[in-house]
Amino acid sequence: MDNKGTDSNGRRFRPEDSQDHASGRRFREEPQERDNNLRRVPRQIDIDLGFDDISSNTRQSRDDFDDYEAFNSSRQRKSTRRESRSDTLEEDYGFINRSPGSRNGAPRRRQPKKKFPIFPVIFAVVLIIAIIVVLSFLGVLGGGDKEKGSASSSVSSSSSVRAGITIPASTLEPTSTPTPAVPPLNTKYGNIYPELQVEKKEFIPNEDGEKIIYLTFDDGPSNLRGDFLDTLDEYGAKATFFISAQFFDDAQIVESIKELVNRGHQVAPHTYSHVYNEIYSSVEAYLEDFKKINDLIKEATGEYSPIYRFPGGSNTGYNESIRKELFEEMNGRGFVYYDWDVSTGDSEGLSVSEQIDRTLGMALYYEDCIVLMHDGPDKQGTIESLHTLIPEFQNNGYSFGLLDPTVPPTQYAELSDYDE
Ligand SMILES: [Zn+2]
């Protein structure tokens, strides 16, 4: 980290607030939660089987809350349906005579006078129906297992055991679903997305003075990602992509992440919306945006990325009012942010030759150097510059590295700035 810091030229370049940065899109709708366990509760069996416990345990985010609301209203709809169904049954069984022109005889006409206890009967009927449903449900599963016979493997016998206690077991499923244990967060906002944390790693300084270029591309994936990947492949270069959701929908982004990783590159969060005013309006807002983009990475790769890049850089004026708390929160969760040593200027309106001159004029002074570029629909110039930059770096003895949390970061603003 020290040898990066010694180059005052590198430090002079502050994170830019480029056009594409400034004109970010608005927030999209919440990405749909993929798996809400509440929906898996058997539909027909919903009487006093511990739903309230389950829902309170799983109601952690607003998404879950919405589902909880939907779940409750569906319960209400169901119970309404059940009541109307029991009305029909009552009529079928002759408990209530609502037909004014009934052709029946005296016994029926006498019934209304008795003030027949309607509600207990409704309750009893509903209860009977529920019991019948439960028993038939058990019966069907039990029968199915019997058909498999004793010759079946132990797997099927264990599933039959499961089936035998299906009702309580399946209703308990939401809480018994193995959720990976996360250590308690003692950060100020640790009650928000407590699962959003990663294990901290030690930085490994580049003591041997290895010549490494860390190519980084912000803002993608875009429709040019294929061209970026082909260009990198052409020279055997690897890069780190700090992604956003500006150009693609969630499903396309997940597919793009998989492709980037499969082709040997690193993927890390930049921002979901790229709307600075919203992202940096509060620590909570930042966490929400960060989680949305890192969730897509987790969906594609199975884990959260431990590294990230702040939109506009760590020292952007947009985060000034929340910066200290933001760093404390993100550092406390184990995430490491990376600014850059050299910006090619591809988001500052520089021509291709200007980008090349500036980059080579600065990067070659570094032993290891983080280079900022952008992926976007209008970044053909960036691809063009790579065809010169990559061979130049290689000719000067550099290899291309991927950022990971062991690489000492370049950080324009850091928590130690607030030390007394
Ligand atoms: Zn950006």
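Below is a short write-up of the structure.

About the cut-offs
Residues numbered from 1 in each chain as written. Predicted model: local features only at pLDDT ≥ 70, side-chain atom pairs only at ≥ 80, totals over all residues. Buried ≥ 20, exposed ≤ 12 C-beta atoms within 10 Å, placed from the backbone. Helix = DSSP H or I, 4+ residues; strand = E, 2+ residues; numbered from the N terminus. Arc of directions from axis to C-beta. Contact = placed C-beta atoms within 7 Å. Expected span 1.5 Å × (residues − 1). Core = buried A, V, L, I, M, F, W, Y, C linked by C-beta atoms within 7 Å. Pairing = 2+ DSSP bridges. Right-handed = clockwise from strand over helix to strand, strands pointing away.

Describing helix α14 (residues 323–332)
So, point 1. Along α14, the residues classified as buried are Arg-323, Leu-326, Phe-327, Glu-329 and Met-330. The buried residues of α14 occupy an angular sector of 165° when projected down its axis, which confines them to one face.
So, point 2. Summarising the contacts, the buried residues of α14 are in contact with α13 (283–301) and β5 (336–337).
So, point 3. Positive backbone phi, at 95°, marks Gly-334, one or two positions downstream of α14.

Observations concerning the environment of Val-267
So, point 1. Position of Val-267 among the secondary structure elements: in strand β3 (residues 266–271).
So, point 2. It is 6.0 Å that separates the C-alpha atoms of Val-267 and Phe-242, two residues lying 25 residues apart in sequence.
So, point 3. With near-sequence residues (within four places) excluded, Val-267 lies in contact with Phe-241, Ile-243, Ile-257, Leu-260, Val-261, Ile-297 and Ser-305.

A short note on α13
So, point 1. Between the first and last C-alpha of α13 there are 26 Å, a value that for 19 residues agrees with the 27 Å anticipated at 1.5 Å per step.
So, point 2. Buried residues of α13: Val-283, Tyr-286, Glu-288, Asp-289, Phe-290, Ile-293, Asn-294, Asp-295, Leu-296 and Ile-297, and no others.
So, point 3. Immediately downstream of α13, the backbone of Gly-302 shows phi near 95°, a positive value.

Observations concerning unusual backbone geometry
Among all residues except glycine, the phi angle is most often negative; among peptide bonds, the trans geometry is most common.
So, point 1. The amide bond that connects Gly-220 to the next residue, Pro-221, takes the cis arrangement and shows omega of 0°.
So, point 2. Among the secondary structure elements, Pro-221 is positioned in the loop between β1 (212–218) and α10 (225–235).
So, point 3. The phi dihedral of Asp-219 is positive, around 85°, even though this residue is not glycine.
So, point 4. Relative to the elements of secondary structure, Asp-219 occurs in the loop between β1 and α10.
So, point 5. The exposure class assigned to Asp-219 is buried, which follows from the 27 C-beta atoms found within 10 Å.

Some details on the nonpolar core
Nonpolar side chains tend to gather and get buried jointly when the protein is soluble and globular.
So, point 1. Formed by 62 residues in total, the largest nonpolar core has its most connected members in Ile-213, Cys-369 and Val-371.
So, point 2. Looking at this core element by element, the count peaks at 6 residues for α13.
So, point 3. If near-sequence neighbours (up to four positions away) are discounted, Ile-213 is found in contact with Ala-363, Cys-369, Val-371, Phe-393, Tyr-398 and Phe-400.

Overview of the pairing of β3
So, point 1. Of all the 6 residues making up β3, 6 are buried; the element is thus mostly covered by neighbouring parts of the structure.
So, point 2. Of the strand pairs in this sheet, strand β2 (residues 239–244) and β3 are connected by 5 bridges, and their pairing is parallel. Following the sheet pairing, Phe-241 is matched in β3 by Val-267.
So, point 3. Taken together, β2, helix α11 (residues 250–262) and β3 constitute a β-α-β crossover, and its handedness is right-handed.

All we've got here are geometric facts, nothing functional implied.
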